[in-house]
Every structure is written in C-alpha cells, then in structure tokens.
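One-letter residues, chain by chain:
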Amino acid sequence: QVQLVESGGGLVQAGGSLRLSCAASGLTFSSYLMGWFRQAPGKEREFVAVERRIGNPYYADSVKGRFTISRDNAKNMVYLQMDILEPEDTAIYYCAAKGRLANEYAYWGQGTQVTVSS
C-alpha cells in the first residue's frame, strides 16, 4: 500500500520560511517523479514543483527563485524548502508520485496546511 505523508506546514509571517517534508512508503521511490502541488481556498489545485530526477527540478513561475525541491532516495523523502513566503502562498500543500512513463500522478498525500500572514 502506497503512502505519502506530508509534514512541516504551519503559520509563518510574510518573508519567512518553511520546509515541507513528504515521506513515501510502499513504492520503489527512485522510480517515481515526486511533485508538490497546492490548493488555495476557492481555487483549483495547481502545480508547484517537481523533481524529475536528482538535480533536475522544475518549478511553477510563481515560486521560481523562492522554493527549492529536493529528494533523498535513500530515505524515500522529498522536501520543499519555501523561502520569502508571501500571503499568496497560503494553501494546502500536497506531495504526489508519478511513474516516469505515466501521464498522471498516481499517488497523493493528505496535504499539509501552510498559512502566510501579512
């Protein structure tokens, strides 16, 4: 049974930082692309970042230069370092896993709330 469990969310002031973690189990971690998505109240879920393979990240324009995705295949972990946070970053953040040849993300975590106050 595949499980993705996010942690590290919380309340932070604008300009601050948070580091989200996602622990994966039940899958061959290194065989999956790991991504982060977010959903703000009243909005659709949107892509944030993906680590296609170690050293090959891709970011949404809205977070480029502020967020950093990384993964540790030995620990089955993926991280999202979020710096210079803005109130617009307030959302539930989800990690997700996609097989490298798949078209869609197959597995999702339950999400962790990030709230940025102005």
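Bear in mind that the values here come from a model prediction, so they are computed numbers and not experimental data.

A. Geometry of the side chain of Arg 71. Mapping Arg 71 onto the fold places it in strand β7 (residues 67-72). For the buried Arg 71, no salt bridge is present, and the opposite-charge side chain at shortest range is Glu 51, 6.0 Å distant. At 2.8 Å, the side chain of Arg 71 and the backbone oxygen of Tyr 32 are in polar contact. Here Asn 73 takes part through its side chain, which lies 2.9 Å from a polar atom of the side chain of Arg 71.

B. Main features of unusual backbone geometry. Positive phi is not limited to glycine here, since Asn 76 has a value of about 55 degrees. Considering the arrangement of structural elements, one finds Asn 76 in the loop between β7 and β8 (77-82). You can call Asn 76 partly exposed: its relative accessible area is 23%. You will see that Ile 84, though not glycine, has its phi angle at about 50 degrees, which is positive.

C. Local environment of the packing of aromatic side chains. Tallying each qualifying case throughout the model produces six aromatic pairs. Members of the aromatic cluster, joined through ring pairs, are Phe 37, Phe 47, Tyr 58, Tyr 105 and Trp 108. Between the NZ or CZ atom of Arg 19 and the centre of the ring of Tyr 79, over which it lies, the distance is 4.0 Å. The lysine or arginine in question, Arg 45, covers the ring of Trp 108, its NZ or CZ lying 3.7 Å from the ring centre.

D. Seen up close, the side chain of Ser 21. Among the secondary structure elements, Ser 21 is positioned in strand β3 (residues 18-25). Note on Ser 21: relative accessible area 14%, which makes it buried. For Ser 21, the residues in contact, after removing those within four places along its chain, are Val 5, Glu 6, Ser 7, Trp 36, Met 77, Val 78 and Tyr 79.

E. Spotlight on the environment of Asn 76. Remark: the alpha-carbon pair of Asn 76 and Arg 45, spanning 31 residues in sequence, is separated by 24 Å. With sequence-adjacent residues up to four places away left out, Asn 76 is seen in contact with Cys 22, Ala 23, Ala 24, Leu 27 and Phe 29.

F. Representation of the pairing of strand β9 (residues 91-99) within the structure. In terms of burial, β9 is largely enclosed, as eight of its nine residues are buried. Inspection of the sheet shows strand β4 (residues 32-39) paired to β9 by eight bridges, in the antiparallel sense. Within β9, the residue paired with Gln 39 across the bridge is Ile 92. Here β9 runs beside strand β11 (residues 112-117); their pairing, made up of three bridges, is antiparallel. Within β11, the position partnered with Ile 92 by the bridge is Gln 113. One ladder, built from two bridges, connects β9 with strand β10 (residues 107-108); its direction is antiparallel. Bridged to Ala 97 within β10 is Tyr 107.

Conventions we followed
- Residues numbered from 1 in each chain as written.
- Predicted model: local features only at pLDDT ≥ 70, side-chain atom pairs only at ≥ 80, totals over all residues.
- Heavy atoms only, no water.
- Helix = DSSP H or I, 4+ residues; strand = E, 2+ residues; numbered from the N terminus.
- Buried < 20%, exposed > 50% of the residue type's maximum accessible area, 1.4 Å probe, protein only.
- Lys, Arg positive; Asp, Glu negative; His and termini not counted.
- Salt bridge = Lys/Arg side-chain N within 4 Å of Asp/Glu carboxyl O.
- Polar contact = N/O pair within 3.5 Å; in protein donor to acceptor, adjacent residues only side chain to side chain.
- Phe/Tyr/Trp six-rings, centres within 6.5 Å; stacked < 30°, edge-to-face > 60°.
- Lys NZ or Arg CZ within 6 Å of the ring centre and 35° of its normal.
- Contact = heavy atoms within 4.5 Å.
- Pairing = 2+ DSSP bridges.

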